[in-house]
Amino acid sequence: MKKAMILAAGRGQRMGELTAKCPKPLLRVNGRYLIDYAISSIKLAGIREIVINVSYHGDQIKNALGDGMQHGVSITYSEEAERLETGGGIFQALPLLGTEPFIVVSSDIMTNYPLWELPQQPQGLAHLVMVSNPVFHPEGDYGLQDGQIGLDVGQKLTYANVGVYRPELFSQCEAGYFRLTKVLNPAIAAGQVSGEHYHGAWHNIGTPADLAAVNANV
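Residues numbered from 1 in each chain as written. Predicted model: local features only at pLDDT ≥ 70, side-chain atom pairs only at ≥ 80, totals over all residues. Heavy atoms only, no water.

Draft legend 1. Up close: the pattern of salt bridges. Taken as a whole and judged by the stated rule, the model has 5 salt bridges. Its salt-bridge partner being glutamate 85, residue arginine 83 comes within 3.8 Å of it at the nearest N-O pair. Its relative accessible area of 13% is what places glutamate 85 among the buried residues. In this structure, a network of salt bridges that share partners links the residues Arg83, Glu85 and Arg179. (Salt bridge = Lys/Arg side-chain N within 4 Å of Asp/Glu carboxyl O. Buried < 20%, exposed > 50% of the residue type's maximum accessible area, 1.4 Å probe, protein only.)

Draft legend 2. Structural view of the layout of surface pockets. Space inside the largest pocket adds up to approximately 1300 Å³. If you trace the largest pocket, you find 37 residues lining it, with Glu85, Thr86, Asp108, Asn161 and Arg179 closest to the centre. Residue classes in the lining of the largest pocket are distributed as 13 nonpolar, 14 polar and 10 charged. Approximately 360 Å³ is the volume attributed to the second largest pocket. As for the second largest pocket, its lining consists of 21 residues, and the residues nearest its centre are Tyr37, Ser41, Met110, Thr111 and Asn112. When residues of the lining of the second largest pocket are traced back to their parent elements, those giving at least two are helix 1 (34–44), strand 6 (102–106), strand 7 (109–111) and helix 5 (208–217). (1 Å grid on protein atoms, 1.4 Å probe; cavity = no way out; pocket = protein on both sides within 12 Å on 5 of 7 lines; lining within 4 Å. Points joined across faces, edges and corners; volume = space filled by probe spheres on them. Nonpolar A, V, L, I, M, F, W, Y, C, P; charged D, E, K, R; others polar. Helix = DSSP H or I, 4+ residues; strand = E, 2+ residues; numbered from the N terminus.)

Draft legend 3. Fine view of unusual backbone geometry. At histidine 57, a position not held by glycine, the phi torsion is positive, near 50°. Taking relative accessible area as the criterion, histidine 57 reaches 30% and is therefore assigned partly exposed. Backbone geometry places aspartate 146, a non-glycine residue, at a positive phi of 55°. In this structure, aspartate 146 sits in the loop between strand 9 (143–145) and strand 10 (148–150).

Draft legend 4. Inspection of the pairing of strand 8 (residues 126–131) at higher detail. Here strand 8 lies mainly inside the structure; 6 of its 6 residues are buried. Going residue by residue along strand 8, you find Ala126, Leu128 and Met130 tucked away on one face and His127, Val129 and Val131 tucked away on the opposite face as well. Summarising the sheet, strand 8 and strand 11 (residues 158–165) pair through 5 bridges and their orientation is antiparallel. What sits directly across from leucine 128, in strand 11, is glycine 163. Note: strand 8 against strand 12 (residues 193–198), 6 bridges, orientation parallel. The residue bridging methionine 130 from the neighbouring strand is histidine 197, located in strand 12. (Pairing = 2+ DSSP bridges.)

Written as structure tokens, this is what we have:
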């Protein structure tokens, strides 16, 4: 894979005053921007071309990261006048991502998952990394059985916001606001989404308490 996308357009409302004037991806963890960790993980996987979608305080993100040269990567921005949600954001960025499978990660997670181990060519339309259900999401998202993601199989796990997607997953979409589940759920029902259960470190930075906890342990 040659390209990856970092999702960075969200408002981060649960962060309260911390994101009143600062976009969530630019909050600090151990002195570094939160989004820096996603960039570093992608670079370690040997990928140098990164697309970042921006909306809320997007100019701050663009000013902080620039063209990516300081990180040794090339960054292109997909600007959303109004936030398009995950599905709509990826769909808008497709012209920048090309025709081959690409990685998508969220800017508000921290994990030591080795991105270079993701399948270069997923057998179906997507491959999702799943984790054990965190306290804030006990019901999980999807089941996993024999390497396939299912809507009603086994015990449900939580999508880790790390995955590989083929552009064809979005072939029936139209521009606009929509969630990723709009395309994922039909693909899962058709047996076109593989997955894995990752047991290593994974943190979703959703609240000030989450941010403080990660800062205390990094």
